[in-house]
Every structure is written in structure tokens, then in C-alpha cells.
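So the chains spell out like this:
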Amino acid sequence: MTVGKKKSKQVRRESLNLPAANFLTKVNRFKKLQRTIARLSPSWQACIPIAAIIVLVWGYAAVAQTPPRPTTEEQLASLKVGMDTMWVMVAAMLVFFMNAGFGMLETGFCRQKNAVNVLSKNLIVFALSTIAFWAIGFALMFSNGNGFIGSSGGFFLWNVADNSPATGDAYQGIFSALNWTGVPLNAKFFFQLVFAGTAATIVSGAVAERVKFLDFLIFSLLLVGIAYPITGHWIWGGGWLADAGFRDFAGSTVVHSVGGWAALMGAAFLGPRIGKYRDGDTVAMPGHNMSIATLGCLILWLGWFGFNPGSTMAVDANAIAHIAITTNTAGAFGGVAATITAWLYLGKPDLSMIINGILAGLVAITAGCAWINVPNSAIIGTIAGILVVFAVTFFDNLKIDDPVGATSVHLVCGIWGTLAVGLFADGPGTGIYTDAFPKAGLLVGGGFGQLWAQLVGIISVGGMTVLLSTIFWLALKALLGIRVSALEEAEGLDIGEHGMEAYNGFVKETSLDNRIEGGYGGYAGGSGGRTTKL
């Protein structure tokens, strides 16, 4: 027998003996464990079965609590909710950042002696808007109710019946008007909040340099808590205007026109700044810092990419891209059109007109940005840029003093943009964003149906906002007085209202006729008495 055969037989014998060896090893270990247990005291021996029972129970509980693995469909649905929520929150933060744009724009357009006052209003107005909209505004605007107002509660968002992010027929709660977006309730609230704050800050610029700080704060609470939610419910809350076919995708009427109407009434009841209108002429009162006004415009332009595309409230790639392009196109054409118009009409390419021309185009496209093609958005922006220049002089001829042109931008161009939906909307089935699509516009072969619905909405929202704003302003005027004294206005609201200055040590306007002490300035010129600075 060879050596190789002997070794193979030895290996086979060892493999056959291996199970027996393992068994003997385990027996020896068990006997050793028995001897160890036997040496323990009786009390320790009694603890052993108890410990074994505890381990078994814990193991069973852990297995019982392990959730079943979600299906692929459930995982995709959860991912969509997360992505939609992230998009809505980022878009809302962009809109929130617009408050910085409004603050810089309005401050730059006003005189330096009122800079602290304007900044203070723009800062505190969002804090007040948050409180008012959280307490009552959101509930009145979006809770289930009738065609006029929400009446199902939801105040303070406390103990609310709501199963968001469920959508459509699966939604169960009191905010059915928002059941089309699959994001949590708090995301819905935050997005709508920043829009409400925008409406309030529009008023700030129109009443700048002569309104009492306290009165403005109270009016802002009333506007965001009562007036804005009522008309907003008609359109975005499933109210009667929505049922009538009125469409406003991102707020040319809901936000901008409402803010513009409230601003117009405030400027009218306050009266013009001292020295603004003399002997039938309009005296220009130039802004003190066009650099920060320009930066404010750019911030607002950026914020509009949250304002309009964010109103999809979902990650819809085609819709977001389309809306961003129509928004940008309208703003660009508005700025160019205002520049050319001011150059021809006023004699100079006025920077303030360029700024407001850009904003005019952005405001005008807001209503129809999702439902209008890009070439038509250029037309809408161009017309808005022309309108805003003539609107400024129109209000000056009415002796309505608006230091920043808020009524010209937000009211006039908000109305125009809302009407433009009835003129240029492509109609259903065009392949663009199709949710709640309006009828085709008049100029694209759709007839007068959509245009009529838009006109009814403009008149209705304007009438209600004017009525409520008038009540608010007149009540404040009777109870507190809404305008600062002539001496305080001449000295500047920074000192009179806040006891501080934005530019300590710099010369400033102090006399009633707005001349500047310190040797630089006097009356700003102008072209034939026309206003050249807003």
C-alpha cells in the first residue's frame, strides 16, 4: 500500500470520529457548567431561570415590533412627499427673503431722515403677519366654509383635523381647498404665510415718510388677519370666484392687487408729503440711496423664482422650468420697456423707472405664469413696463403721493396681469402646466368667457379691499390719528418715531420745504414738473 493511500484512510477515520469528538466536548462543557452552578448559592441559582425568561421575552418583543418592510410604491410615495415638501419650503424661504428686498428698495427710494422708520416697518411687518395669519388668517382663508369665508375653525392651527399630505379624495380634514398639494399642513401654512406677508409690506412703501408707526402696525394686523383672507378665500380657498372660473395662479390679484388697493387708500387718507405738490407741479423728492434700492430690486427678482414656480407646491419639472422662464422673460421685458418709455417721456433713462419696470413685469406675469407661453409673457411684461411709467404720473396728477410707486407697480400691473390671463391663456390641453387651467384667452381664440371672469374678480376683490381698508384707515384716523405732525415730518420719522438715525453725523433734510441743511441739494429737478424719482 502506498503512502498516499495510507494518509487518505487516516483522514477518513479522523473525519468519521469528528462528530463524536464534538459531542464529547459539549458534554464536558455542560458538566462543567453544572458543577459551576452547583457551587452557587441557592438564591443565585434561582435567578438563572428568571434571567432566561427575561431574555426570551425581550427577544420576542423586539421581533414583534419590527415593522414590515414598505413596498416599492410606498417608498416612492414617501420620497415624493419629501421632495415636494423640500421644494415648497425652499420656495417659501425665497419669498421670505423678498422682505429684505422690499426693505432695501423702499429705504433707498425714501429720504435718509426716514430710513430707520422704513426699515423698522419692513422688519416688523412680517412678524406681525406671522401672528395674524397663524391666529386667524389661515383659518379664514383656507378652512372649509361657504363661498365667502372659511368657517370650519383651525385658528392657531391647534388641534386641527387634517391628514396631510394625503391628497384628493383621500384627504380628510378642514382645509380641503389645499388638498391638491401633497405636503404636510405646516408646509402649506408656511408657504401661504410668506404670501400674506408680501401683501402687507406693499402698503409700507406707499404710506412712507408720514404715517405713524403704531397705526401702520395695527393696519398690518387687520389686513393680514381679516381683509386678505376674505378675498383670498374667494379665489384660493374654494370660494365663489374660483367657482365662477376666475384664475390667479400665484397672486397678481390675491397678493399684489390687494396690497395695492390697501396702499392706495392709505396714501389717499394720509395725504401727500409736505412740499410734494406746489402750484400745480409735482416736486420730485429723490431717494437717498439708489444703490441699495437697486440691490433690493435684484433680491426681489430672485425671490420671484420662489413666488411663481413655488406655487406649483410640488416638484413638477416641466411646470417649474416653464414658470421660471415666463417669469424672468416678463421681468426683463418690463425693465427694458420702462427704460425706453422713461427715456422718451421723461427725457432720461431714470433708474427708479428701470427698477419699477422690472417689478411691474414680474407682478403682471404672476397671475398667468403657468398658463401663458413665453412669447406672450414678453408681451405682458412689455405692456406692464410701459404702464408703470404713466401710472406714476397719473397718481401724481391725482395728488396721491406714493414715495416708492407701490400702487403703480402692484395695483396697476396686478390688474393688468390678471386681465392678461383672459387675453393670453393657452387653454386646456396645451401641454403646459394644466392644473386648474383657465379657458383659452380672447387673443388666442378662446372668446370672452375667461376675460369676463377675470374682470368680475378684479372688480369684486378691489371693491371689498377698498371697503375694508377704508374702514380700517378711518377708524385709526378717528381713534389715534394716522399722520405725524408737520414738525416731526420735517425733522424725520427716524428721530420722532424711533429716537435714532440711520446715518448719524450726516447732513439731512430738516426744513418744511424739504431743503437740505448743509449745502448740498435743494429741490430735485424733474422734466417739466414730472416726477423723476419714486
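Residues numbered from 1 in each chain as written. Predicted model: local features only at pLDDT ≥ 70, side-chain atom pairs only at ≥ 80, totals over all residues. Heavy atoms only, no water.

Digging into the overall build of the chain
Selection criterion: Strands here mean DSSP runs of E at least two residues long; helices mean DSSP runs of H or I at least four residues long; both are numbered from the N terminus. Burial here depends on accessible area, computed with a 1.4 Å probe over protein chains only, as a share of the maximum for the residue type. Under 20% is buried, over 50% is exposed, and the range in between is partly exposed. Contact definition: two residues touch when any of their heavy atoms are within 4.5 Å. Each accessible area is a Shrake-Rupley estimate made with a 1.4 Å probe; only the visible protein chains count as cover when residues are assessed.
Across its full length, the chain carries 16 helices and two strands. Per-residue burial for the chain yields a buried fraction of 51% across its 534 residues. Counting only contacts in the chain whose residues sit at least 6 apart along the sequence, the fraction spanning at least 24 positions is 74%. Put simply, the chain shows about 23,600 Å² of open surface, and 68% of that area lies on carbon and sulfur atoms.

Overview of the pattern of salt bridges
Just so we agree on the cut-off: Salt bridges are counted wherever a side-chain nitrogen of Lys or Arg sits within 4 Å of a carboxyl oxygen of Asp or Glu.
According to the stated counting rule, one finds five salt bridges in the structure shown. Residues Arg 111 and Glu 209 are paired through a salt bridge, measuring 3.1 Å at the closest nitrogen-oxygen approach. Of this pair, Arg 111 sits in the loop between α3 (72-109) and α4 (115-142) while Glu 209 sits in the loop between α5 (185-206) and α6 (213-236), and the two are 98 residues apart along the sequence. Residues Arg 111 and Glu 209 agree in their burial class; the two are buried.

A look at the nonpolar core
Soluble globular proteins tend to bury their nonpolar side chains together. Going by this rule: For our purposes a nonpolar core is just a set of buried Ala, Val, Leu, Ile, Met, Phe, Trp, Tyr and Cys residues, chained together by side-chain atoms within 4.5 Å.
Judged by nonpolar contacts, the single largest core of 119 residues is most densely connected at Phe 133 and Tyr 228. Broken down by element, the residue count for this core peaks at 13 residues, all from α5. Core analysis: the second largest hydrophobic core is formed by eight residues, Trp 261, Leu 264, Ala 267 and Leu 411 among them.

Section: the packing of α4 against α6
The test is simple: To obtain each axis, a line is fitted to C-alpha atoms, and for helices this fit is confined to the stretch in contact; angles are then taken between N-to-C directions over 0 to 180 degrees. Reported orientations rely on four angle classes, namely roughly parallel under 35 degrees, roughly antiparallel over 145, roughly perpendicular from 65 to 115, and oblique for the rest. Crossings are classed by handedness, with left-handed meaning an anticlockwise turn of the near helix from the far one by less than a right angle and right-handed meaning a clockwise turn. Under this grouping Gly is polar, as are all residues other than the nonpolar Ala, Val, Leu, Ile, Met, Phe, Trp, Tyr, Cys and Pro and the charged Asp, Glu, Lys and Arg.
With their axes 8 Å apart at the nearest point, α4 and α6 run at an angle of 40° to one another. By the criterion of interaxial angle, the relationship of α4 to α6 is oblique. When the axes of α4 and α6 are compared, the crossing they make is right-handed. The class makeup of the residues in the contact of α4 with α6 is 18 nonpolar, eight polar and one charged.

Structural notes on the packing of α3 against α5
One can describe the packing of α3 onto α5 by two numbers: an axis separation of 9 Å at closest approach and a directional angle of 15°. Taken together, the axis directions place α3 and α5 in an arrangement best described as roughly parallel. The two elements α3 and α5 cross, and the hand of that crossing is left-handed. Residues Thr 85, Val 88, Met 89, Ala 91, Ala 92, Met 93, Val 95, Phe 96, Phe 102 and Glu 106 of α3 touch α5, and the partners they reach there are Ala 187, Phe 190, Phe 191, Val 194, Phe 195, Thr 198, Thr 201, Ser 204 and Gly 205. The residue inventory of the contact of α3 with α5, partitioned by class, reads 13 nonpolar, five polar and one charged.

Points about unusual backbone geometry
Geometrically, the link from Ser 164 to Pro 165 is a cis peptide bond, its omega value of 15° lying close to zero. Among the structural elements, Pro 165 can be located in the loop between α4 and α5. Even without being glycine, Leu 157 reaches a positive phi, approximately 50°. Mapped onto the secondary structure, Leu 157 falls in the loop between α4 and α5. Of the residues examined, Leu 157 reaches a relative accessible area of 18% and is grouped as buried. Despite not being glycine, Lys 399 shows a phi value in the positive range, around 65°. Turning to its location among the elements, Lys 399 is positioned in the loop between α12 (374-397) and α13 (406-424).

Quick word on a nonpolar patch on the surface
Condition: To count toward a patch, a residue needs a relative accessible area over 30% and no salt bridge; like charges are then connected within 9 Å, while nonpolar side chains (Val, Leu, Ile, Met, Phe, Trp, Tyr) are connected within 5 Å.
Taken together, Trp 134, Ile 136, Phe 155, Phe 156, Trp 158 and Ile 226 make up a surface patch of nonpolar side chains, about 620 Å² in accessible area. Note on placement: Phe 156 falls in the loop between α4 and α5. For Phe 156, a relative accessible area of 44% puts it in the partly exposed group.

So, the side chain of Asp 426
Note the cut-off: Here Asp and Glu are counted as negative and Lys and Arg as positive; His is not counted, and neither are the chain ends. Polar contacts, as counted here, are pairs of nitrogen or oxygen atoms within 3.5 Å of one another; within protein the pair requires one atom able to donate a hydrogen and one able to accept it, and residues that are adjacent in sequence qualify only if both atoms are side-chain atoms.
Mapped onto the fold, Asp 426 is located in the loop between α13 and α14 (449-479). Of the side chains with opposite charge, Arg 247 lies nearest to the buried Asp 426, which makes no salt bridge, at 15 Å. Within the structure, Asp 426 has its side chain in polar contact with the side chain of Asn 373 (distance 3.3 Å).

Thoughts on the packing of aromatic side chains
To be explicit about the condition: Note on aromatic contacts: the rings of Phe and Tyr and the six-membered ring of Trp form a pair at centre separations within 6.5 Å, being stacked when their planes are under 30 degrees apart, edge-to-face when over 60 apart, and tilted otherwise. Only when the NZ atom of a Lys or the CZ atom of an Arg is both within 6 Å of the ring centre and within 35 degrees of the ring normal do we say a charge sits over the ring.
The tally for this structure, following the rule as stated, stands at 20 aromatic pairs. Taken together, a centroid distance of 5.4 Å and an interplanar angle of 85° make the contact between Phe 138 and Phe 189 edge-to-face. Here Phe 138 is found in helix α4, whereas its partner Phe 189 is found in helix α5, with 51 residues between them in sequence. Exposure remark for Phe 189: the relative accessible area of 10% places this residue in the buried category. Measuring from centroid to centroid gives 5.4 Å for Phe 394 and Phe 395, while their planes differ by 65°, and the two rings are edge-to-face. Judged by its relative accessible area of 47%, Phe 394 is partly exposed. Through a chain of ring-to-ring contacts, three or more aromatic side chains come together here, namely Phe 133, Phe 138, Phe 142, Phe 175, Phe 189 and Tyr 228. Here Lys 121 stacks its cationic end above the ring of Phe 216, 5.2 Å away from the centre of that ring.

A short note on the confidence of the model for the chain
To keep things clear, this is the line we draw: Predictor confidence is given residue by residue as pLDDT, running from a minimum of 0 to a maximum of 100.
Summing up the model confidence of the chain, the mean pLDDT is 88 and the portion of residues at 70 or higher is 84%. Ignoring residues within four places in sequence, the model shows residues 514-534, a span with pLDDT below 50, making 53 contacts including any to other chains.

Remarks on helix α8 (residues 252-270)
In plain terms, the rule: Helices are assigned an expected span. That span is 1.5 Å times one less than the residue count.
Here α8 contains 19 residues, and its C-alpha end-to-end distance of 25 Å stays within 8% of the 27 Å for a straight helix at 1.5 Å per residue. Of all 19 residues in α8, 17 are buried, a share of seventy percent or more. Backbone geometry just after α8 places Gly 271 at a positive phi near 85°.

Describing the environment of Gly 463
Among the structural elements, Gly 463 can be located in helix α14. C-alpha of Gly 463 to C-alpha of Trp 261: the two residues are 202 residues apart in sequence and 9.0 Å apart in space.

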